[in-house]
Amino acid sequence: ILKYYGKNGPKTSEAKMLGSVALLLTSLQRYKEAEVYYKKSIALRKELKDQIGQSTALLNLGAMLAERGLYSRAMPYLEEALQLQKTLKNEQNTNIGKANLAHVYAETGKPNKALKLVNDCRSFFERIEDTTNLVTISIYESTAYMKLNQYDQALRSLNQKYHYIKNRKPYRELEADLLWQYYRVYKAM
């Protein structure tokens, strides 16, 4: 399919397909290959002046790198995506970008920046009742408080959101992440 689009198809379709392949490779945990496809998609979308697609691919690449613990590599992609999203005035993607960047800042010793971003995006996620992102940012907030040696606050962040997902099937993986974060906090105390 990619070869066809590369030769015959509109470049917009090729850019979209590159991003789709990158997402598929990410889900298959083939991260190095996914990164290559994300970068190709970003470059093509930049050439096409497709800021929406470019920003989405940047967010996806940054999030994938952050989830793998490659925070310093993720940061520039997330920062660029966030700048594009602010220009585009896409509130949802702007807040997702802030959340992802908060994760990176929390893990790289910039807890105050992380806390600011979490606070910036919390009200949006509350307004749209996005349970997944509310719980996720509570984990990032907890990490930031851990870096500040404020363990009571780190636990409070988790406690405030745990009841949203406790023993609810659709959130099992997220509940496991939250429980792992409790472990990290108690271990650091």
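The shown structure was predicted, so the numbers you read here are calculated from the model rather than taken from an experiment.

A. Summary view of the overall build of the protein chain. Along its length, the protein chain carries 10 helices and zero strands. Along the chain direction, N to C, the helices and strands of the protein chain fall in the order α-α-α-α-α-α-α-α-α-α. For 189 residues, the compact-globule estimate of 2.2 N^0.38 gives 16 Å, and the protein chain sits close to it at 18 Å. Taking the principal axes of its C-alpha atoms as reference, the protein chain extends roughly 60 × 30 × 30 Å. Here the protein chain holds 189 residues, and 48% of them are scored as buried. Relative to all contacts within the protein chain whose residues are 6 or more apart in sequence, the contacts with residues 24 or more apart total 52%.

B. Seen up close, the environment of I128. Examined against the element boundaries, I128 turns out to sit in the loop between helix 7 (111-127) and helix 8 (131-147). For I128, a relative accessible area of 37% gives the class partly exposed. Separated by 36 residues in the primary sequence, I128 and Q92 have C-alpha atoms spaced 9.4 Å apart.

C. Spotlight on the side chain of Q85. Tracing the chain through its elements places Q85 in helix 5 (residues 71-88). Discounting chain neighbours no more than four positions away, the residues touching Q85 are S55, T56, L59, N90, N93 and T94.

D. Structural detail: the environment of P76. Along the chain, P76 turns up in helix 5. Overall, the relative accessible area of 44% leaves P76 in the partly exposed class. Each C-alpha atom of the pair P76 and F124 lies 24 Å from the other, and the pair is 48 residues apart in sequence.

E. Representation of the packing of aromatic side chains. Summed over the entire model, instances satisfying the criterion amount to three aromatic pairs. Ring plane angle 75° and centroid distance 6.0 Å describe the contact between Y162 and Y182, whose orientation is recorded as edge-to-face. Of the two residues, Y162 sits in helix 9 (residues 151-165) while Y182 sits in helix 10 (residues 172-188), which places them 20 residues apart along the sequence. Residue placement shows K40 over the ring face of Y37; its charged tip is 5.3 Å from the ring centre. The ring of Y105 has K113 lying over it, and the distance from NZ or CZ to the ring centre is 5.2 Å.

F. Just the side chain of E141, in detail. Checked against the element boundaries, E141 lands in helix 8. Note on E141: relative accessible area 7%, which makes it buried. Here R122 takes part through its side chain, which lies 2.7 Å from a polar atom of the side chain of E141. Those residues within four positions of E141 in sequence are excluded, and the remaining contacts are L115, V118, N119, R122 and S157.

G. Focus on the pattern of salt bridges. Inspection of every chain in the model, using the stated rule, returns nine salt bridges. Salt-bridge contacts for D50 lead to R45; the nearest nitrogen and oxygen are separated by 2.7 Å. A residue is classified by how much of its surface remains accessible, and D50, at 25% relative accessible area, is partly exposed. Classification of R45 as buried rests on a relative accessible area of 11%. When the shortest N-O distance is used, the salt bridge between E91 and R127 registers 2.9 Å. Of this pair, E91 sits in helix 6 (residues 91-107) while R127 sits in helix 7, placing them 36 residues apart in sequence. For R127, a relative accessible area of 52% puts it in the exposed group. Each of the salt bridges in this network shares a partner with another, and the network as a whole consists of E35, K39 and R73.

Calculation rules
Residues numbered from 1 in each chain as written. Predicted model: local features only at pLDDT ≥ 70, side-chain atom pairs only at ≥ 80, totals over all residues. Heavy atoms only, no water. Helix = DSSP H or I, 4+ residues; strand = E, 2+ residues; numbered from the N terminus. Rg over C-alpha atoms; globule rule 2.2 N^0.38 Å. Buried < 20%, exposed > 50% of the residue type's maximum accessible area, 1.4 Å probe, protein only. Contact = heavy atoms within 4.5 Å. Phe/Tyr/Trp six-rings, centres within 6.5 Å; stacked < 30°, edge-to-face > 60°. Lys NZ or Arg CZ within 6 Å of the ring centre and 35° of its normal. Polar contact = N/O pair within 3.5 Å; in protein donor to acceptor, adjacent residues only side chain to side chain. Salt bridge = Lys/Arg side-chain N within 4 Å of Asp/Glu carboxyl O.

Everything listed is a geometric property; what it means functionally is a separate question.
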